[in-house]
Every structure is written in structure tokens, then in C-alpha cells.
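# Understanding the architecture of this molecule
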Amino acid sequence: MKRPVRTVLALVLTGFLGLGPAQALDLGSALKSILKEKIKPKDSQQTLDTPPGTQQQVQPAAEKPRDQLLKSLLAGSTSQADEVRIGQRIAGNLLGAVPLVRDDGLQRYVNRVGLWVALQGERPDLPWRFGVIDSEDINAFAAPGGYIFITKGLYRRLNNEAELAGVLAHEVGHVLRRHHLKLLQQSQAIAAVGSLLGSKFKSEDQLVQNIIGNGAEVVARGLDKDAEYEADRIGVVLTARAGYDAYALPAVLADIGHVAQGDKRVSLLFKTHPHPEERLGRLAEAVDSHLDDVPAGQSVAGRFYRLR
Amino acid sequence: MTRMLHLLCLGLLTLPVWAGPGTLIKDEDLKSSPSVAAARVAALAKGSNVEILARQGGWTQIRAGGHTGWVRILSVRANTSTGSAADIAALASRRDSRVVAVAGVRGLNEEELKMARFDAQELQSMERYRATAADATGFARAAGLSQRRVPYLPAPAPAGSDPNAGPNAWGGVQ
Ligand SMILES: [Zn+2]
């Protein structure tokens with residue numbers, strides 16, 4: 001997926017800017033200079049369609065002058081504040097499609113377990129938030145900046161707290177390694193070239209909208225398979241660091257592998273992730289002897305919060 | 001009943017959480033006890049049929065080719081399609097109730113996510129449930145959870161030919 005796009009970009013730049021192949025390889029700086037030309041701060045007061053009723057504490061990504069955001073994204077140097085704003089926007093959009101399960105006890109429980117897991121990683125200062133969303137789909141999502149969601153459909157299949165920790169830890173892994181942010185940076189570069197050609201993106205507004213995509217569509221975009229395997233490895237490690245049974249995430253994967261391929265509740269998950277069997281095989285290789293000296297962790301089944 | 005037949009036909013695999021038949025998904029040394037340091041009882045090939053007996057931490061006790069011993073838990077998949085009648089029935093009824101409960105559910109789809117509109121109020125209520133580090137830590141302690149030092153797992157060397165695979169594809173493994 002990445003490769004062909006890069007090749008196309010390189011060809012486009014070579015053709016349109018008269019760059020030699022060597023210069024075209026340095027896409028980042030080439031696009032940066034193009035953007036400096038293209039995007040003047042003339043209408044920087046203009047923001048994305050800020051939704052009505054947005055309150056003080058919740059400021060969507062849009063309130064940042066978009067050019068600045070665009071440039072930092074393109075340079076691959078998005079600040080933590082910008083990352084959180086992007087995630088906030090995506091999270092707000094996702095919640096627009098699927099609201100939280102109306103159960104205060106459940107939501108507080110998931111936040112305590114999730115934060116404990118996230119604290120085992122290298123970005124403990126992110127404003128981590130966790131939520132169970134009201135969908136029978138079997139899935140979990142992460143948005144940049146520390147927004148993590150698990151569906152009711154997946155939550156219901158879990159047998160204990162360690163399994164919940166394992167699922168959340170996989171998603172935390174995506175955030176720790178900025179997987180979705182990198183994905184946005186890539187598509188943003190594509191958008192820049194689109195506007196340069198003046199074909200697809202008629203206005204700069206459209207260009208900016210294209211950073212996040214439409215609604216919460218970014219969570220349905222598949223990541224590189226290697227990013228998923230990496231998130232699985234991180235998931236197992238964070239679960240173990242937190243004191244839980246390190247094999248809880250693999251147990252959930254094995255369970256999800258039971259769901260028939262044609263079941264609509266897993267179609268999005270199976271579209272965006274390698275099949276659980278494949279993931280389990282990769283995990284077996286990666287874990288090998290590395291966890292031999294880690295004492296057995298806990299399942300914490302007793303206090304596991306059951307869905308009403 | 002149809003569901004049960006379905007399960008039987010698919011030859012489903014799971015982690016060995018209950019006793020029953022399974023399959024080895026990689027070559028393994030069968031150990032005399034759940035430890036790398038333990039003596040090798042036998043060498044087993046990937047694809048071997050095994051009988052799963054027990055679990056202890058990251059190890060599972062199996063019987064294979066007349067030998068009994070231990071292998072790493074991720075190396076074995078329980079084969080539920082040929083599990084005992086009780087296992088299959090339990091599994092089938094468990095799934096059945098869920099299937100009934102969600103009959104007609106079509107799942108999240110991309111169109112729906114694309115059309116999603118920003119919901120500030122819902123985001124605000126998510127904010128309300130946030131835990132503090134002290135809260136989360138105290139909650140973990142209350143369950144007897146204690147932190148362990150576990151280094152990140154390196155990506156295994158790619159068996160295939162994908163040059164993108166490996167730790168550097170996504171910014172390295174720490
Ligand atoms: Zn994932």
C-alpha cells in the first residue's frame with residue numbers, strides 16, 4: 001500500500017516540478033516547500049466546521065490554525081498537544097456514530113484498568129481515556145493522543161480483567177508508536193499533491209478535511225500488518241508488566257478466531273487486522289523464550305465488571 | 001444444533017485452556033518440567049497431534065507420541081473440533097446465546113463511520129470517567145497486581161521476503 005503511493009508521488013513530483021529522481025526522493029522537504037507557497041496564513045482564522053455546542057474543555061483539532069497543524073504533520077513533528085487534538089476530533093466523531101454504553105461503573109472500571117496498563121509504557125503523561133462503546137461489533141479502536149475504545153460486543157466475550165487489559169494494551173501500543181498519526185501524515189502528503197494538481201481538492205478546506213478524513217473513517221483504515229504485529233507484542237508486554245497473565249491477549253485472539261469469517265460483527269476487525277491465527281503464530285515466534293523468567297501473572301476474574 | 005455442526009466442521013483452534021486434543025504449531029522440544037532448563041523428553045515436529053493435559057504459567061503439559069511433557073503455551077492450539085462432547089456442547093451453547101442475542105446485527109461499517117458527526121457532549125462525558133494515576137495504581141494494588149520488569153519483544157526475523165518487516169518499519173522497538 002505504502003510503496004505504490006510513494007512511487008506515484010515520486011513520479012508526480014518528478015513530472016510536475018521537473019525534479020530529477022534524486023530530488024524527488026526527498027518528498028518531505030519538497031512537499032514542505034510547496035505547502036509554504038500554497039498555504040498562506042491569509043485565512044488562518046477560518047477553522048474546520050466546529051460543531052455547535054462544543055464546550056470549553058473539549059476543543060476540537062480545528063481550533064488550532066490549520067496551516068500550522070498541516071505543516072507539523074507533514075514534517076512528521078506533530079507536538080503532543082496537536083496529537084491530542086487530532087485524537088480528540090476522531091474520538092468525538094466516533095462517539096457521534098457510536099455512543100458510550102450508559103453504565104458509569106463500567107466506564108470508570110475500564111479507565112482504571114486501562115490507565116494502569118498505559119502507565120507501563122513510555123508515554124505515561126498522555127491524557128489516556130478509555131471507553132466502552134455501544135456496538136455489538138467485535139472490535140477495539142485507538143486514536144492518537146491516548147483515546148481508546150472497546151465495543152460492547154468484544155467486552156462481552158472477555159472472561160476476566162487480564163483479558164480486558166490485554167485488549168486495551170494492544171490499542172495502547174498503537175498510540176505509543178503513533179501508528180495512526182503516521183498513517184495520517186502519509187495521507188496528508190497525498191492530499192498536498194492532490195491540491196497541487198488542482199484536480200481533486202478544490203479548496204484548502206477540503207485539503208484540511210482530508211487530514212483526518214471523513215468522520216471517524218480513519219479508525220476503519222487498516223494499518224500496515226507489521227504495525228499490528230508490533231501492537232500485539234507491545235500488548236503482551238504491557239499486560240505482563242502490569243502484573244496480569246501475559247497470555248490473556250493471545251486468549252482473546254484465539255476466541256475471536258472462533259467467530260465465523262462471514263459474521264458481520266467481525267468484518268471490520270478482519271478487514272483491518274491480520275486473521276487471529278496469523279497474529280497468534282507471529283506472537284508465538286516473537287515471545288519464544290523471552291517470557292520464561294517472568295513469573296505467572298494474575299487473571300483477576302473475581303472483580304471483573306460484567307456487562308448488565 | 002446447526003451452530004454446533006458449524007463448529008465441528010470448521011476445525012476451530014484455540015489456546016489450550018481446557019484438556020483435550022490439540023496441534024503443535026511449531027517445532028518444539030518436549031520438556032520434563034515447565035522450564036527451559038528442564039531435560040528434553042522428545043523432539044516434536046510442527047503439526048503433531050497432541051493431548052493437552054494442563055497449564056502452568058507460560059507452559060502447557062501435553063502428551064504426544066507416547067511421551068508426556070511440557071511445551072510453551074503459544075506453541076499449541078487446542079483443536080475444538082474434536083474436543084470432548086462436553087467441551088463442544090459448552091462452547092456451542094455459549095456461542096448460541098450470543099448469536100441469538102445479536103441476531104440481525106450488521107456490525108459497524110465504514111459508511112457509518114464516514115458519516116459520523118462530532119459529538120461534543122459524548123466526548124465530555126468520556127472525560128468524566130478519566131482515572132488518575134493514583135486511582136489506577138491503587139486499584140491495581142487492591143487486586144494484588146504488582147509491576148514486573150519485562151523488556152519489549154523484538155520483532156522476529158522475517159521468515160518471508162518482506163523487506164518492510166522488522167523493528168524499523170514502525171520506528172523501532174525499544
Ligand atoms: Zn490493532
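Residues numbered from 1 in each chain as written. Chains lettered and ligands numbered in written order. Predicted model: local features only at pLDDT ≥ 70, side-chain atom pairs only at ≥ 80, totals over all residues. Heavy atoms only, no water.

In this section: helix 14 (residues 276-287) of chain A. Compared with an ideal rise of 1.5 Å per residue, which puts 12 residues at 16 Å, helix 14 of chain A spans 16 Å between its outermost C-alpha atoms and is within 8% of the ideal. For helix 14 of chain A, the full list of buried residues reads A:Pro276, A:Arg279, A:Leu280, A:Leu283, A:Ala284, A:Ala286 and A:Val287. The buried residues of helix 14 of chain A occupy an angular sector of 165° when projected down its axis, which confines them to one face. Those residues of helix 14 of chain A that are buried are in contact with helix 8 (161-176), helix 11 (225-241), helix 12 (248-256) and helix 13 (267-272) of chain A together with strand 8 (76-79) of chain B. A:Asp288 occupies a position one or two residues after helix 14 of chain A and carries a positive phi of about 35°. (Helix = DSSP H or I, 4+ residues; strand = E, 2+ residues; numbered from the N terminus. Expected span 1.5 Å × (residues − 1). Buried < 20%, exposed > 50% of the residue type's maximum accessible area, 1.4 Å probe, protein only. Arc of directions from axis to C-beta. Contact = heavy atoms within 4.5 Å.)

In this section: the coordination of the zinc ion. Residues and elements named next belong to chain A. Every protein donor of the zinc ion is listed here as His170 (NE2), His174 (NE2), Glu228 (OE) and His273 (NE2), and their distances to the metal cover 2.1 to 2.2 Å. What the four donor atoms of the zinc ion show is an angle range of 83 to 154° at the metal, which sorts the shape as irregular. Taken in chain order, the donor set of the zinc ion reads H-x3-H-x53-E-x44-H. Residue His170 is located in helix 8, and its partner His273 is located in the loop between helix 13 and helix 14; the two are separated by 103 residues in the primary sequence. (Donors = N, O, S within 2.8 Å, 3.2 Å for Na, K, Ca; no water. Tetrahedral: all angles 85-135°; square planar, octahedral: opposite > 155°, others 65-115°.)

Here we come to the packing of aromatic side chains. Any two aromatic rings considered together are summarised by their centre-to-centre distance and by the angle between their planes. A full pass over the atoms with the stated rule returns five aromatic pairs over all chains. Each ring, one from A:Tyr109 and one from B:Phe139, has its centre 5.9 Å from the other, and the planes form 85°; the classification is edge-to-face. Of this pair, A:Tyr109 sits in helix 6 (residues 104-118) while B:Phe139 sits in helix 5 (residues 133-142), each in a different chain. Each member of the pair, A:Tyr109 as well as B:Phe139, carries the same accessibility label: buried. Each ring, one from A:Tyr155 and one from A:Phe304, has its centre 5.3 Å from the other, and the planes form 15°; the classification is stacked. Note that A:Tyr155 is positioned in helix 7 (residues 152-155) and A:Phe304 in the segment after helix 14, a separation of 149 residues in sequence. By the burial criterion, A:Tyr155 is buried, and A:Phe304 matches it. Members of the aromatic cluster, each reached through a chain of ring pairs, are A:Tyr109, A:Tyr155, A:Phe304, A:Tyr305 and B:Phe139. Over the face of the ring belonging to B:Tyr129 we find B:Arg128, whose NZ or CZ atom lies 5.1 Å from the ring centre. (Phe/Tyr/Trp six-rings, centres within 6.5 Å; stacked < 30°, edge-to-face > 60°. Lys NZ or Arg CZ within 6 Å of the ring centre and 35° of its normal.)

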